[in-house]
Amino acid sequence: MSERRQRVARQSMERLLRLQEVTSELSQALTPEQVARVIVRQAGPAMGACDACIYLLSEPGVLRFVQAMGLPEAAFERWQRLSVDAPVPIAEAAREETPVWVESLKSFRQRYPALDDIPLSQDGAWAFLPLHVDRRLLGVLAVGFPLERGFAAEDKDFACLIARQCSQALERALLYARERELREAAERARAEVEEQRRLLESEHRRLQAVLQQLPQGVILAEAPSGRMVMANDQVLRLGRGPVPRDWRLEEYSATRGFHPDGRPYLPNEWPLVRALGGEAVRGEVAEFPGNGGPPLMLEMSAGPVRDAEGRVTAAVAVLEDITERLRMERALREGECVFRRIMESNMMGLSFCDKDGLLLEANDAFLSLVGHEREELRRGHLHWRNLLPRGEESIEHGLREPWTHGTSPTIELELRRGDGSLVPVLTGSAWVEEQERVLTFVLDLSDLKRAEGALRFLATASRILGQSLEVPDATLQHVACLASLSVASWCVIDLATPEGLLRRAAVAHREGEREERLRRGWPLPPLKESGGALLDAMHAGEPLLFPDFGVETWRYLASGAVPEVEGMAREACSVLVVPVRSHERTLGLVTLGSCSPRRRYGPEDISLGQELAHRVAAALESARLFMESQRAVRLRDEFLAVASHELKTPLTPLRLQLQGLWRVVESRAGRPVDPERVLRAARICEAQVRKLSGLVNDLLDVSRLAQGRLPLRLEQVNLVAIAREVIAQFSDDAARAGCAVELWAGPAVVGHWDRVRLEQVVTNLLTNALKYGAGRPVHVRVWMEGGVARLSVRDEGIGIAPEHRSRIFGKFERAVSERHYGGLGLGLHITQQIVQALGGSILVESEPGRGSTFTVELPPGVHDMLAHP
C-alpha cells in the first residue's frame, strides 16, 4: 500500500507542477489568441494529450476554430465555424456545459458519424472540456490521447481543473482586450471632439446655409425648455403657415397627428420631445390632417445634441414629406401584387428536343400546358411542328438557333394544345452540349394575359363609374356588360334599398338570349330575412367562391327550389360572389360567373372581384355623398329663407308700435300721453324684442354647438320652480294660442344643473307645445322617479308622423312646412344638446292627430366635459 500511495503522491505532485507551469504560461498571455495558443500547447500536454484544438464563442450560438496541435489543418476546413446545435462533441460540450469523454476512436466514430471524414492522427481517447466562467460559455477545449483509456475520477478532476484555469485566463484576456478597445475608442473620441470644437464656428455658418437648401424641414430646439432656436424655410412650407418666434415644447407637443395605425400622437410621443430626453428616433411616419385637402404624411427623425460632458443641450428634428413617395409605393405594390401572382403560378414547363425538333423528354408541367399525354412523347409522336400554329415556320427555324449561337432569344408565341386551342407562352432555348440536345423552357402567359385583361377591365370600369357624380342603373349595366365580355361570362349586380330589400340593378350575359333567364332565376334574398349563404357573406363582408358550380350549389344559394334551375345551373361552371361594402355598411352584391372550362375562378380571382366591388362601392358612396351635399345645400337655402322671414317678423310690429307712439306724442302737442297706451305699446315691443332675442340666442347656441362649446354654470336648481316661472312668463302667449297650461308637480326636484339652460329647455318645449297644439290644453309634469329627475310636456295637437320622429332633433329639421308654422327649426336640436350636456336624455312619443309628449330625464348631478371649452 505504501508504494501505491507513493505513486499517487508522485502523480499528484507531477500534476501540480504541470498545473503551475500551465498557470504561469497563461498569466503571461495577454490577448485571447495568445491564451488560446498557450492552452493548446501547454494544457493538452499537461493532461498527457498528444492532440488538442480550441474553439471560442465568436457570437451567440456559434463556435469559431482558433488553434490546433497535432491535427492536420485539412481536418478543420469544414469545421471553421460550429453551431452549438451541431451533432459533434465540441458542440455537445458547449450545449450541455459539461465535459464529454470518449474512451476510444471506435467509440468516437460510433457516437459521431458526421465526423467520419476527419483524419485523426491517433486511435486513442478524447476529452471535450467546456470553458466557462460563472456559467457563461467562452469556448471548448478538445484534447486527444495516444491510447484508448478509461477516465478515472482524478483524471477528470485534473482535466476540469486545468479547464477552469484556462477559462479564467481567457476571461482575463477578453476583459483586457475589451478595456484596450474602449480606451482606444475613448482616445479617438476625445481627439474627434477637440477637432470638432475647432471647426464648430465655421461649420455652424455653413450648416445654416446648408439647412436652408435642404428639401427636408429641420427644427432645432434648446433643452430642456424646448424653445425653438431655428427652423428652415421647408418647415414653414410643411407646416402650411408661419412658426411663432416664441414657439415652445407645449405648442409642438399639442400638434394634431396620427400614427400609421390611426392612434393619435400623445404629447410625450413626438420625436422632438423624446430627443430632448436623450432618445434617438429614426424614420417615424406620422399623418397630419390636411386643411381641406389630402392628409400630409411626414417621416420624422430626431436626435439629441450633447455637450462634451454628454448632457443634452438641444435636439434636432428632420421632417420629410413622403406623401408622394408613399402614394407611388402603394401604386407600385398594387402593380407588383398582380405580377407576383403571375410569377408564383408554378406553370413553367421544360423539354428536351433533338436538332430536328422531335421532343425527347418533357416534365409534367410542359405536357399539361400543351395538352398532350406522356405516351405520345414516349412513342416519339410529339414534335414542335405539332405545337406551333400553322404558318409559323419562322418560329420553328428560330428554335434551331441554339445550335449556332448557344441560346435563342426569349420570345412570346402561342402554342397549339392537343385539343386545338391556343395558349400564350414565353419561351427560350439553350444548347446543352453534353447531351447534344436543346433545352427549352415554356412559361404559361395565360395568367399574365388574364391579369392584363383584368387591369384593363378595372381601369375601364373605373372610368365608366367616374363619368358622373351619380350612379344610375344604366352605368352599372354598362359595367356588368363590360365584365361579361372580359373577365366573366355573366355578371349580376344587386343593390340594397333603404327599405331593407335587395333590388336587381344590372344583369349581363355574354349570350344575350340567356340574360332574361338569368335575371329571373338568380337568387335575390331580402335583407330583412336571416340566414342564407348570400346574406351571411354580405353581412360578414367575405366573398363566396364556387370553383365547381352545379345544381346543388344553386339550390344551396337559393335556399330551395328555383324555377328552371336545372337548365340554368349548366350555364355556370364557376361563380364568384363579392359583397359591396363601404365603411362597414352593406351596399349590395356583385356576382361573376364563368362558363368557360379554361376560365375557372380560383382564389387568385377573389382580388379581382373585390377590386370591382370596391370601385362600385366607391362610386355608390360618392353618389350618396353628392346627394347628401345637395340636400345640405337645400337645407341651408331653406334655413336662410326662414331665418330671414323669422327675424323680420318681430321687427314689423315693433316698428308699427314705435310709429304709433310717435304719432300720439306729436298729436298731443306737449300734453301728457295716456300711460296705459304707452304701457300697452311697451309690452308689445318687449314681447317682440324677447322673441327677436330668442331667435338670435338660438343662432348663437347653434354656433357654439358647432364649435364644440356649450358653457354650463352648475348650481343647485329646483326644476319645479323653473317650470312655474317659465309657465308664468308664457301666460300671455298661452292665452293668445288658446291653450290652458296645467302644471303637475309635487315636492321640489333639486339637482346640480345650469339654471339658464334648464329655463331654455322648458321654454323650447313649452313654445313647441303652444305652437303645434294651439287651441288645446298643454300638460307639464315635473317629478322624481328612481333617483332621476323627469320633466314632461304633452300637447294634444297635430302630432308627429313616424317617419319624421328620427330627424326632428336635427339641425334646421322640422316635421311640418315652415309656411304654416314659424321658427328656425333649432329649438328641439338645442334642447337635445343641452339635455345631453347635462348628462340626460330626451324622448318623444307621438301619434298623428293626437298630440306629442316630450320627456326629459336628468341625473341629479353632472360633471360635463363641455362645461369648459
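Refer to the structure above for everything that follows.
The residue count restarts for each chain, going from 1 along the sequence in the order it is written. Per-residue local features are limited, in this predicted model, to residues with pLDDT of at least 70; the limit for side-chain atom pairs, both in listing and counting, is 80 or more; totals at the level of whole chains, interfaces and linings are taken over all residues. Each side-chain value is worked out from all heavy atoms of the structure, with water and hydrogens disregarded.

A. Summary view of the pairing of strand β13 (residues 359-362). In this analysis, strands are considered paired if DSSP registers two or more bridges between them. Helical segments are the DSSP runs of H or I of at least four residues, strand segments are the runs of E of at least two, and each set is numbered from the N terminus. One ladder, built from three bridges, connects strand β12 (residues 348-353) with β13; its direction is antiparallel. If you follow Phe352 over to β13, its bridge partner there is Glu361.

B. Just the sheet that holds strand β14 (residues 411-416), in detail. One open sheet holds the five strands; their spatial order is β13-β12-β16-β15-β14, and the pairing between them is antiparallel. With one partner strand each, in any of the chains shown, β13 and β14 form the two edges of the open sheet. Looking at each pair of strands side by side, their axes are set apart by 35 degrees on average, direction ignored. Strand direction decides the pairing type here: strand β15 (residues 422-432) and strand β16 (residues 437-444), joined by eight bridges, are antiparallel. Along β16, the bridge assignment pairs Thr427 with Val442. Fitted lines through C-alpha atoms give the axes, limited to the stretch in contact for helices. The angle between two N-to-C directions lies from 0 to 180 degrees.

C. Fine view of the nonpolar core. By size, the foremost hydrophobic cluster in this structure holds 41 residues, and its most contacted members are Leu765 and Phe854. Listed by contribution, the elements that provide at least two residues to this core are α23 (719-729), α24 (731-737), α25 (755-772), β25 (778-785), β26 (788-795), α26 (827-837), β27 (841-846) and β28 (852-858). For this core, the leading source of residues is α25, giving seven residues. The criterion used for residue contact is that any of the two residues' heavy atoms lie within 4.5 Å. With near-sequence residues (within four places) excluded, Phe854 lies in contact with Leu765, Asn768, Leu791, Ser792, Val793, Ile800, Ile808, Phe809, Leu828, Ile842, Leu843 and Val844. Formed by 36 residues, the second largest nonpolar core is a distinct cluster that contains Val35, Ala52, Leu141 and Ile162. For our purposes a nonpolar core is just a set of buried Ala, Val, Leu, Ile, Met, Phe, Trp, Tyr and Cys residues, chained together by side-chain atoms within 4.5 Å. Only protein chains enter the area calculation, which uses a 1.4 Å probe; residues under 20% of their type maximum are buried, those over 50% are exposed, and those in between are partly exposed.

D. Expanded view of the packing of aromatic side chains. Each aromatic pair joins two rings of Phe, Tyr and Trp (for Trp, the six-membered one) with centres within 6.5 Å, and gets the label stacked for planes under 30 degrees apart, edge-to-face for over 60, and tilted for any other angle. Counted according to the given criterion, the structure contains ten aromatic pairs. Seen from their ring centres, Phe108 and Tyr112 are 5.8 Å apart, and the 55 degrees between their planes marks the pair as tilted. With respect to burial, Phe108 and Tyr112 carry one shared label: buried. Three or more aromatic residues joined by ring pairs make a cluster, and in this case those are Phe108, Tyr112, Trp126 and Phe128. Sitting over the ring of Phe352, Arg437 keeps its end group 5.9 Å from the ring centre. Over a ring means this: the NZ of a Lys or the CZ of an Arg is within 6 Å of the ring centre and within 35 degrees of the ring normal.

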